[in-house]
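Each chain, written out:
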Amino acid sequence: MKLMKLSDAIGIEATSIDLMHPIADSDFQRLYRGWLDSTILLVRGQNLTPEGLISFSRRFGELMVYTRSENAMRSYPEILILSNILREGRPIGAAVSGRYWHTDGHYLETPPAASFLYGAEVPPVGGDTWFANMYSAYDSLAEEMKRRLVGLKVVISRVQSRPYNYPDKPPVTEAERAAWPDMPQPMVRTHPESGRKALYVGGNVPWRIIGMPVEESEPLVTELQRHAIQSRFVHVHRWQPGDLIVWDNRSCLHRATEYDQIHHRRLMYRTTTVGDKPIG
């Protein structure tokens, strides 16, 4: 197994490895440490079965069911299907998901740690995934800004984000409003394993900062969000069949992009590991 830098901005790539075969503990520890340090891991040329994807994912932690049941793989509730392929006139999974900057489960009290995405079928163009390094985004802030952010929390609201992220969906129902409570999160998150600090302001929504007037908090959040997705922090992954990417939700943002759903098929499988409560 060899590890190499994926890009100047973020990530590592592992080569000469077949994830359908057991990985020695020493090699896995190298892989895991490289992933923690660089926030995303790419392994290409894989031929993963559902059992193989689940087995490898479990080495990173306990799996969680992080999807609606109708988008899960039959017999494997841990696997989310992202696909435009139709069965009986309906997509077999989520046809559109995450086409905006976000970190998975930001609205949860304990957001997931690692997300795994495996490309079984990918379009020849489009459908890329963008990743932004939140370690680097924080490290590059001016010291005055770092001091300003100490102890600050934003209110992450799944209700508030709906019209920003899914403008074509109907308004939030009362049942959804009750099920989606607002969640305060630190603006700077200390990684529980690496101890490094990362920006945790997420997405494109002008969140409200607790204890700060809206006319002051919204510009600050927007400034940090724009800072976080500068090209110097971003890597664009162009998928090939057999790619597996693992990203750390505690230290990076990501977003999906569009592709031609009429003329091209896409079939992706995703698993997710249990995380921890964010701390500042």
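Going by the structure above, here's the rest.
Residues numbered from 1 in each chain as written. Predicted model: local features only at pLDDT ≥ 70, side-chain atom pairs only at ≥ 80, totals over all residues. Heavy atoms only, no water.

### Description of the pairing of strand β3 (residues 40-43)
Test applied: Three exposure classes are used, based on accessible area relative to the maximum for each residue type with a 1.4 Å probe and protein chains only: buried under 20%, partly exposed in between, and exposed over 50%. In this description a helix means any DSSP run of H or I spanning at least four residues, a strand means any run of E spanning at least two, and both kinds are numbered starting from the N terminus. If DSSP finds at least two bridges between two strands, the strands pair. Convention used here: a crossover is right-handed provided that the path from the first strand, over the helix, to the second strand proceeds clockwise when the strands point away from the viewer.
Along β3, one buried face is formed by Ile40 and Leu42 and the opposite face, lined by Leu41 and Val43, is buried too. Summarising the sheet, strand β2 (residues 12-15) and β3 pair through three bridges and their orientation is parallel. Residue pairing for β3: Ile12 is matched across the bridge by Leu41. Each parallel crossover has a hand, and the one from β2 via helix α1 (residues 25-38) to β3 is right-handed. With four bridges connecting them, β3 and strand β16 (residues 244-248) associate as antiparallel partners. In the strand pairing of β16, Leu42 is matched with Ile245.

### Regarding the packing of aromatic side chains
Selection rule: Under the pairing criterion, centres of Phe, Tyr and Trp rings, with the six-membered ring standing for Trp, must be within 6.5 Å; the plane angle then separates stacked pairs below 30 degrees from edge-to-face pairs above 60, leaving the rest tilted. Charges are assigned to positions over rings by a cutoff of 6 Å between ring centre and Lys NZ or Arg CZ, combined with an angular limit of 35 degrees from the ring normal.
According to the stated counting rule, one finds eleven aromatic pairs in the structure shown. Where Phe28 meets Tyr32, the ring centres are 5.9 Å apart and the plane angle is 35°; that geometry is what we call tilted. Of this pair, Phe28 and Tyr32 both sit in helix α1, four residues apart, which is roughly one turn of the helix. Judged by its relative accessible area of 4%, Phe28 is buried. A residue is classified by how much of its surface remains accessible, and Tyr32, at 13% relative accessible area, is buried. Aromatic pair Phe56 and Phe116: ring centres 6.3 Å apart, planes at 85°, arrangement edge-to-face. Taken together, the residues span a long stretch of sequence, with Phe56 in helix α2 (residues 50-58) and Phe116 in strand β8 (residues 114-121) at a distance of 60 residues. The burial state of Phe56 is the same as that of Phe116; both residues are buried. The rings of Phe28, Tyr32, Trp35, Phe56, Phe60 and Phe116 are connected pair by pair, giving a single aromatic cluster. Across the ring face of Trp130, the terminal group of Arg255 is positioned such that the distance to the ring centre comes to 5.3 Å.

### Observations regarding the pattern of salt bridges
Cut-off, in case you're wondering: Whenever a carboxyl oxygen of Asp or Glu lies within 4 Å of a side-chain nitrogen of Lys or Arg, that contact is scored as a salt bridge.
Evaluated as defined, the whole model comprises 19 salt bridges. Glu109 is the salt-bridge partner of Lys277, the closest N and O atoms lying 3.6 Å from each other. Taken together, the residues span a long stretch of sequence, with Lys277 in the segment after β18 (267-272) and Glu109 in the loop between β7 (90-91) and β8 at a distance of 168 residues. Judged by relative accessible area, which is 51%, Lys277 ranks as exposed. Close ionic contact of Arg250 with Glu193 constitutes a salt bridge, the shortest N to O distance being 3.1 Å. Taken together, the residues Arg250 in the loop between β16 and β17 (252-256) and Glu193 in the loop between β12 (188-190) and β13 (197-199) connect sequence positions 57 residues apart.

Nothing here speaks to function; it is geometry throughout.
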